[in-house]
Amino acid sequence: LDALGLLPTAPDWAGGLRASWTPGEAAAGDELDRFVEERVARYRRTRDLPGEPGVSRLSPRLHHGELSPRQVWHRAQPEAGAEPFLRQLVWREFAHHLLFHFPQMPDTPLRPEFARFPWSDDAALFRAWARGRTGYPLVDAGMRELWHTGYMHNRVRMIVASFLTKDLLLPWQQGAAWFWDTLCDADLANNSMGWQWVAGCGTDAAPYFRVFNPATQSEKFDPKGAYIRRWVPELAKLLDAAIHAPEPASQIELRAAGVRLGQDYPRPVVDHAMARRQALAAYGEIK
């Protein structure tokens, strides 16, 4: 294995992955036990809160075969309150069902009219999204968590995917390819189904007019900014009211927090309200 030269040298891009995961079946079993014993009962309440340890983080274990879906199901099923978590396992099975019956799903929209969607082609915007430099703190926090740990909270995955496809009008296949390269749980079926769902072109897809507002999503699911403060530390000193969208904050607030927009932290790469109108117009063309 050493002769293959698979491990990074300089820069060591895998340092965060090593710090975040202990590979192997034994570690996976311990992680499953901890989740079931400590968190599954409150999963319904906490699963959408990226600033709290509310999800299982078992998806890489399932993807790499350290745990089987049946093993996870039978370990969690007797527990009170486990049903919302068990439904996620069923969604995982549904994704594999789709990929079996529609092997073109990783590259081709399941709804054929989306083949003529007027996607943009802007390398600079894609680079800002991939590097967590969009000027939208929750989006940037998610993209930085992904790069550092190889993982991203599921609620945030939906938000960053919506931002790429509906705010930036960049093709979902480009986002899916980035996730495929960077996620520890980069499962072909789940990744493809999830991106098609957000883009509106898959089975049981999100309606085309549903465009996640990153600031309001942040206020709702990370009200104290705990997730943002961890992954976007240059904004950590902002007040709760300003951390979700620093652009409208007063100069007094920004100076007090040591934030210089456009220098320490980027200004928004797009105006969300305008981008939403453009997205709805583009979706209207193929409706």
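Preceding this section is the structure that the text describes.
Since this is a predicted model, take the numbers as computed values, not measurements.

A. Representation of the packing of helix α8 (residues 137–149) against helix α10 (residues 172–182). Two numbers describe how α8 lies on α10: the axes approach to 9 Å, and their chain directions differ by 35°. Contact residues: M143, L146 and W147 in α8; W178, F179 and T182 in α10. Taken together, the residues of the contact of α8 with α10 break down into five nonpolar, one polar and no charged.

B. Broad picture of unusual backbone geometry. We note that R57 has phi near 55°; this positive angle belongs to a residue other than glycine. Relative to the helices and strands, R57 is located in the loop between α3 (43–46) and α4 (59–63). Of note in the backbone geometry, L169 takes a positive phi value of approximately 55° without being a glycine. Position of L169 among the secondary structure elements: in the loop between α9 (154–167) and α10. With relative accessibility at 11%, the residue L169 sits in the buried group.

C. Geometry of the packing of aromatic side chains. Within the structure shown, the criterion is met by 16 aromatic pairs. Measuring from centroid to centroid gives 5.1 Å for Y136 and F163, while their planes differ by 55°, and the two rings are tilted. Here Y136, found in the loop between α7 (123–130) and α8, pairs with F163, found in helix α9; they are 27 residues apart in sequence, far enough to count as distant. One exposure class covers both Y136 and F163, and it is buried. Here the aromatic rings of F179 and W195 are separated by 5.1 Å at their centres, their planes lie at 75°, and the arrangement is edge-to-face. With F179 in helix α10 and W195 in helix α11 (residues 188–199), this pair connects stretches of sequence that are 16 residues apart. For F179, a relative accessible area of 4% corresponds to the buried category. Judged by its relative accessible area of 3%, W195 is buried. Three or more aromatic residues joined by ring pairs make a cluster, and in this case those are F126, W129, W147, W178, F179 and W195. When the ring centre of Y151 is taken as origin, the NZ or CZ atom of R157, which lies over that ring, is 5.2 Å away.

How each quantity is defined
- Residues numbered from 1 in each chain as written.
- Predicted model: local features only at pLDDT ≥ 70, side-chain atom pairs only at ≥ 80, totals over all residues.
- Heavy atoms only, no water.
- Axes fitted to C-alpha atoms, helices over the stretch in contact; angles between N-to-C directions.
- Helix = DSSP H or I, 4+ residues; strand = E, 2+ residues; numbered from the N terminus.
- Contact = heavy atoms within 4.5 Å.
- Nonpolar A, V, L, I, M, F, W, Y, C, P; charged D, E, K, R; others polar.
- Buried < 20%, exposed > 50% of the residue type's maximum accessible area, 1.4 Å probe, protein only.
- Phe/Tyr/Trp six-rings, centres within 6.5 Å; stacked < 30°, edge-to-face > 60°.
- Lys NZ or Arg CZ within 6 Å of the ring centre and 35° of its normal.

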